[in-house]
Amino acid sequence: MTDELTVEFAGEAFTVEPGAVFTVGREGDLAIDDNLFLHRHFLTIENVGGLWLLSNVGSRLSATVTDTGGRVQAWLAPGARLPLVFAATAVIFSAGPTTYELTIHVAEPAFRETQSFGDDDGLSTIGDVPLTHSQRVMILALAEPVLRREGTGMSELPTSAQAAERLGWTLTRFNRKLDNVCDKLDRIGVPGMRGGVRSYATNRRVRLIEHAIAARLVTREDLPLLDQEREAGADDDA
């Protein structure tokens, strides 16, 4: 059928036809992982009145939803739903230390591009926030497993200590840079950069990675900066 939808995850494709409700979670049509931090039923996809809708049926986790060109981004909180209007939509979310990414393809999207967008300048409409070199490599160190992954799937996120070690930094320096970037993104309205006292440290890190990947603050092409930063630190210590 021309109005069917396809969900892609970790090299597998699942076809959804109008009239069906497709469930994503620890269990369901797409049983992603046995990760106990993940809801048993987290996301649903269904066609309502000719329009495909993505709903968050979980109670705690949120998802970042973006067109695959990285120009439009939304935060899908528990209880919220969004229309899937693009030909391809990326959905990124974290449960505990693991980040997941799936892609949704709509055969007959409501939105079609009439203009070609080039990536030559490295800028995106969303997430166009000036970053210093040290802020960029800090984000890269956290996002490296996701960026190195081929296609959609899951990635274990590094702790702040692991990311600091990757750069050859002290944990104090890393956390200071993390504070600065989260404050900067919070000021321009990116949700999830702040939280309660007990949840702040973990939640902001995973939310930062979700936003950075969706908004293309960092890309795979930036990864060589990690080794350059570590080598520069080694030279300074010599």
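Residues numbered from 1 in each chain as written. Predicted model: local features only at pLDDT ≥ 70, side-chain atom pairs only at ≥ 80, totals over all residues. Heavy atoms only, no water.

Asker: Looking at this model, I keep getting lost on the packing of helix α1 (residues 133–148) against helix α2 (residues 160–167). Mind explaining?
Answerer: Two quantities define a packed helix pair, namely the angle between the helix axes and the distance between the axes. Between α1 and α2, the shortest axis-to-axis distance is 9 Å and the interhelical angle comes to 105°. One element, α1, and the other, α2, form an angle in the roughly perpendicular class. Taking contact as the criterion, the partners of Val137, Met138, Ala141, Leu142, Glu144 and Arg148 in α1 are, on α2, Ala163, Arg166 and Leu167. (Axes fitted to C-alpha atoms, helices over the stretch in contact; angles between N-to-C directions. Helix = DSSP H or I, 4+ residues; strand = E, 2+ residues; numbered from the N terminus. Parallel < 35°, antiparallel > 145°, perpendicular 65-115°, else oblique. Contact = heavy atoms within 4.5 Å.)

Asker: How should I be thinking about α1 in this particular structure?
Answerer: One turn of the α-helix equals 3.6 residues, which is why residues spaced by three or four share an orientation. Along α1, the largest kink reaches about 55° and is centred on Leu142; proline Pro145 follows within four residues of it. By the criterion of burial, α1 is predominantly enclosed, with twelve of the 16 residues buried. Residues of α1 that are buried include every one of Ser134, Gln135, Val137, Met138, Ile139, Leu140, Ala141, Leu142, Ala143, Glu144, Val146 and Leu147, and no others. (Bend = angle between axes of the 7 residues up to and from the residue. Buried < 20%, exposed > 50% of the residue type's maximum accessible area, 1.4 Å probe, protein only.)

Asker: So what exactly am I meant to see when it comes to the sheet that holds strand β3 (residues 21–25) here?
Answerer: Note: strands within a sheet are paired through backbone hydrogen bonds, in either parallel or antiparallel orientation. Pairing is mixed in the open sheet, where five strands are placed in the order β4-β3-β5-β6-β9. Edge positions in the open sheet fall to β4 (30–31) and β9 (81–83), since each of these has one partner strand only. Relative to strand β6 (residues 51–56), strand β5 (residues 43–48) runs antiparallel, the two sharing six bridges. Following the sheet pairing, Glu46 is matched in β6 by Leu53. (Pairing = 2+ DSSP bridges.)

Asker: Please clarify how the confidence of the model for the protein should be interpreted in this entry.
Answerer: In low-pLDDT regions, the fine details of the predicted coordinates are not to be read closely. Predicted confidence across the protein gives a mean pLDDT of 85, with 86% of residues reaching 70 or more. Every residue in residues 114–127 is under pLDDT 50, and counting partners more than four places away or in other chains gives 16 contacts. Of the regions scoring below 50 in pLDDT, residues 196–200 engages in five contacts with residues more than four places distant in sequence or in other chains. (pLDDT = per-residue confidence, 0-100.)

Asker: So what exactly am I meant to see when it comes to the packing of α2 against helix α3 (residues 171–187) here?
Answerer: The contact between α2 and α3 brings their axes to 9 Å, and the two run at 105°. With respect to α3, the axis of α2 lies roughly perpendicular. Judged by residue contacts, Ser160, Ala161, Ala163, Ala164 and Leu167 of α2 engage Leu171, Phe174, Asn175 and Leu178 from α3. Residue composition of the contact of α2 with α3, by class: seven nonpolar, two polar and no charged. (Nonpolar A, V, L, I, M, F, W, Y, C, P; charged D, E, K, R; others polar.)

Asker: Could you clarify how one ought to interpret the packing of aromatic side chains in this entry?
Answerer: According to the stated counting rule, one finds four aromatic pairs in the structure shown. Residues Phe14 and Phe22 carry aromatic rings whose centres are separated by 6.0 Å and whose planes lie at 55° to one another, so their mutual orientation is tilted. Side by side, Phe14 and Phe22 carry an identical accessibility label, which is buried. Geometrically, the ring pair formed by Trp169 and Phe174 is tilted, given 6.4 Å between the ring centres and 55° between the ring planes. With respect to burial, Trp169 and Phe174 carry one shared label: buried. Members of the aromatic cluster, each reached through a chain of ring pairs, are Phe42, Phe93 and Tyr100. Over the aromatic face of Trp169 sits the side chain of Arg173, whose NZ or CZ is 4.1 Å from the ring centroid. (Phe/Tyr/Trp six-rings, centres within 6.5 Å; stacked < 30°, edge-to-face > 60°. Lys NZ or Arg CZ within 6 Å of the ring centre and 35° of its normal.)

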